[in-house]
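Residue-level structure breakdown
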Amino acid sequence: MKTFFNVQDLGNLQQALREAHEIKKDRFAFDTLGKNRTLLMIFFNNSLRTRLSTQKAAMNLGMNVIVLDVNAGAWKLETERGVIMDGDKSEHLLEAIPVMGSYCDLIGVRSFAGLTDRSYDYAETIVQQFVRYSGRPVFAMETATVHPLQAFADLITIEEHKTVARPKVVLTWAPHPKALPQAVPNSFAEWMNAADVDFVITHPEGYELDPQFVGKACVEYDQMKALEGADFVYAKNWSCPGVTRPEDYGKVLSKDMGWTIDAAHMAVTNNAHFMHCLPVRRGMIVTDDVIEAPTSLVIPEAANREISAQVVIKRMLESL
Ligand code: CP
């Protein structure tokens, strides 16, 4: 595997889930696979789970790990071609990327959406330069439009906790004070479409996700109706994806607290498990009682980030 951005990059999804299951039973079974190999993790944005779980996964495989926080100690990077670099940016990404590639065998990149230029974000302008110029396999640690390590961990978690063959999974928008990217809901939708689940997306009008990710999902604007009989409730905020009104891309169109997941919302479900990728804002996305309930899966899904990362890194090592 040379890149990991989308569910298709894993090939057979059931096979990947079996591999995840095996790794979880013995996460040190391949602890020499990464000997004398180095993972470089590059963060343009903050992280807790991705940083720790991905490093742990690489260490489980015997790798060395280098972490670069681009905004804390590195030269400020110019990302556009054709500019006169007479400002505060000392180095161009087009030199920095091959240099970074020369120090490692695999690269993970976190680079969020700017949320001002939809075309720039949805072309994955930053990470695609890493693919093109690093000379190394590259995987997403959340890019402008996708967060596949999270979606894979979410699917592993659903597989572990489902009690029916084809559970009903509802992705629901929830309010947040700031504009957030669409990467998590995009990937979650993409991966649920590839899984054997009954998948429903609910959000206020104007928050329609890009059709390439919505796929065959049922879109229901009535949140309570969408939640009826759900086995899993996946809450997440996202800013306007600009599908119906491109001029609204990246904007906060609603802070309707009626969409916050509370006991009344969970009451119409099939005693659903609550899920969220974290970090989560309590009182905005979800109430304390729901996130603290025994049915909440926020900690197990975060723990499964180590497993999803290990499957991906293992496959990349095997393809070197
Ligand atoms: N869910 C997730 O990616 O968490 P971090 O932003 O803390 O890495």
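Summarised in this report is the structure supplied together with it. Bear in mind the structure is a predicted one, so any value in this text is a computation, not a measurement.

Right, let's talk about the overall build of the chain for a bit. Scanning the chain from N- to C-terminus turns up 12 helices and 12 strands. Taking 20 Å as the expected radius of gyration for a compact globule of 320 residues, we find that the chain reaches 20 Å, a close match to that expectation. The principal-axis extent of the C-alpha atoms belonging to the chain is close to 55 × 50 × 30 Å. Expressed as a percentage of the 320 residues in the chain, the buried residues total 57%.

Further remarks concern helix 1 (residues 13-25). Look at helix 1: 19 Å from first C-alpha to last across 13 residues, which is about the 18 Å you get at 1.5 Å a residue. Three or more residues of helix 1 are buried, namely L13, A16, L17, E19, A20 and I23. Buried residues in helix 1, looked at end-on, bunch into an arc of 160 degrees, giving them a common side. Of the surrounding elements, those touching the buried residues of helix 1 are helix 6 (148-161), helix 7 (183-194) and helix 12 (298-318). Residue N12 occupies the N-cap position of helix 1, its side-chain oxygen lying 2.9 Å from the main-chain nitrogen of Q14.

Bringing the packing of helix 1 against helix 6 into the picture now. Two elements in contact, helix 1 and helix 6, have axes separated by 11 Å at closest approach and are oriented at 80 degrees. Taken together, helix 1 and helix 6 sit at an angle that is classed as roughly perpendicular. For the pair formed by helix 1 and helix 6, the contact residues are L13, A16, L17, A20 and K24 on the first element and F152, L155, I156, E159 and E160 on the second. Residue composition of the contact of helix 1 with helix 6, by class: seven nonpolar, no polar and three charged.

This part covers the site of the ligand. Neighbouring the ligand are S47, L48, R49, T50, R110, H147, Q150, C277, L278 and R305. Within the side chain of T50, a nitrogen or oxygen atom sits 2.7 Å from an oxygen atom of the ligand. Alone, the ligand offers 260 Å² of accessible surface; in the complex the protein occludes 93% of this. By residue class, the composition of the shell around the ligand is three nonpolar, four polar and three charged.

A few words on the pairing of strand 8 (residues 168-173). For strand 8, the tally of buried residues reaches six of six residues, placing the bulk of the element in the interior. Judged by which residues are buried, strand 8 turns out to be covered on both faces: K168, V170 and T172 on one side and V169, L171 and W173 on the other are all buried. Sheet analysis places strand 8 next to strand 9 (residues 198-202), joined by five bridges and oriented parallel. Bridge pairing links V170 to V200 in strand 9. Running through helix 7, the crossover from strand 8 to the neighbouring parallel element strand 9 is right-handed. For strand 8 and strand 11 (residues 232-236), the ladder comprises five bridges, and the chain directions are parallel. Across the sheet, V169 pairs through a bridge with F232, a residue of strand 11.

So, about the sheet that holds strand 3 (residues 64-69). The strand order 1-7-6-2-3 describes an open sheet built from five strands, whose pairing is parallel. Both edges of this open sheet fall to strand 1 (3-4) and strand 3, since each of them pairs with a single strand only. Here strand 6 (residues 106-110) runs beside strand 7 (residues 138-140); their pairing, made up of three bridges, is parallel. Counted as the bridge partner of G108 is F139 from strand 7.

Aromatic ring pairs are reported here in terms of the distance separating the ring centres and the angle at which the planes meet. Overall, the coordinates contain eight aromatic pairs when judged by the stated rule. The interplanar angle of 80 degrees and the centroid separation of 6.2 Å between the aromatic rings of F44 and F130 together place this pair among those described as edge-to-face. Residue F44 is found in the loop between strand 2 (38-43) and helix 2 (49-60), and its partner F130 is found in helix 5 (residues 125-133); the two are separated by 86 residues along the sequence. Judged by relative accessible area, F44 falls into the buried class, the value being 14%. For F130, a relative accessible area of 0% translates into the label buried. Put simply, the rings of F4, F152 and W191 touch in pairs and so form one group of aromatic residues. A cation over an aromatic ring shows up here: R51 above the ring of F43, its NZ or CZ 4.5 Å from the ring centre.

The five strands lie next to each other as 10-9-8-11-12, forming an open sheet whose pairing is parallel. In this open sheet, the two edge strands, each paired with only one partner strand, are strand 10 (218-219) and strand 12 (273-275). Helix 7 rests against strand 8, strand 9 and strand 11 of the sheet, and its axis sits at about 155 degrees to strand 9.

Definitions and limits used
- Residues numbered from 1 in each chain as written.
- Predicted model: local features only at pLDDT ≥ 70, side-chain atom pairs only at ≥ 80, totals over all residues.
- Heavy atoms only, no water.
- Helix = DSSP H or I, 4+ residues; strand = E, 2+ residues; numbered from the N terminus.
- Rg over C-alpha atoms; globule rule 2.2 N^0.38 Å.
- Buried < 20%, exposed > 50% of the residue type's maximum accessible area, 1.4 Å probe, protein only.
- Expected span 1.5 Å × (residues − 1).
- Arc of directions from axis to C-beta.
- Contact = heavy atoms within 4.5 Å.
- Polar contact = N/O pair within 3.5 Å; in protein donor to acceptor, adjacent residues only side chain to side chain.
- Axes fitted to C-alpha atoms, helices over the stretch in contact; angles between N-to-C directions.
- Parallel < 35°, antiparallel > 145°, perpendicular 65-115°, else oblique.
- Nonpolar A, V, L, I, M, F, W, Y, C, P; charged D, E, K, R; others polar.
- Near = heavy atom within 4 Å.
- Areas by Shrake-Rupley, 256 points an atom, 1.4 Å probe, with all protein chains shown as cover.
- Pairing = 2+ DSSP bridges.
- Right-handed = clockwise from strand over helix to strand, strands pointing away.
- Phe/Tyr/Trp six-rings, centres within 6.5 Å; stacked < 30°, edge-to-face > 60°.
- Lys NZ or Arg CZ within 6 Å of the ring centre and 35° of its normal.

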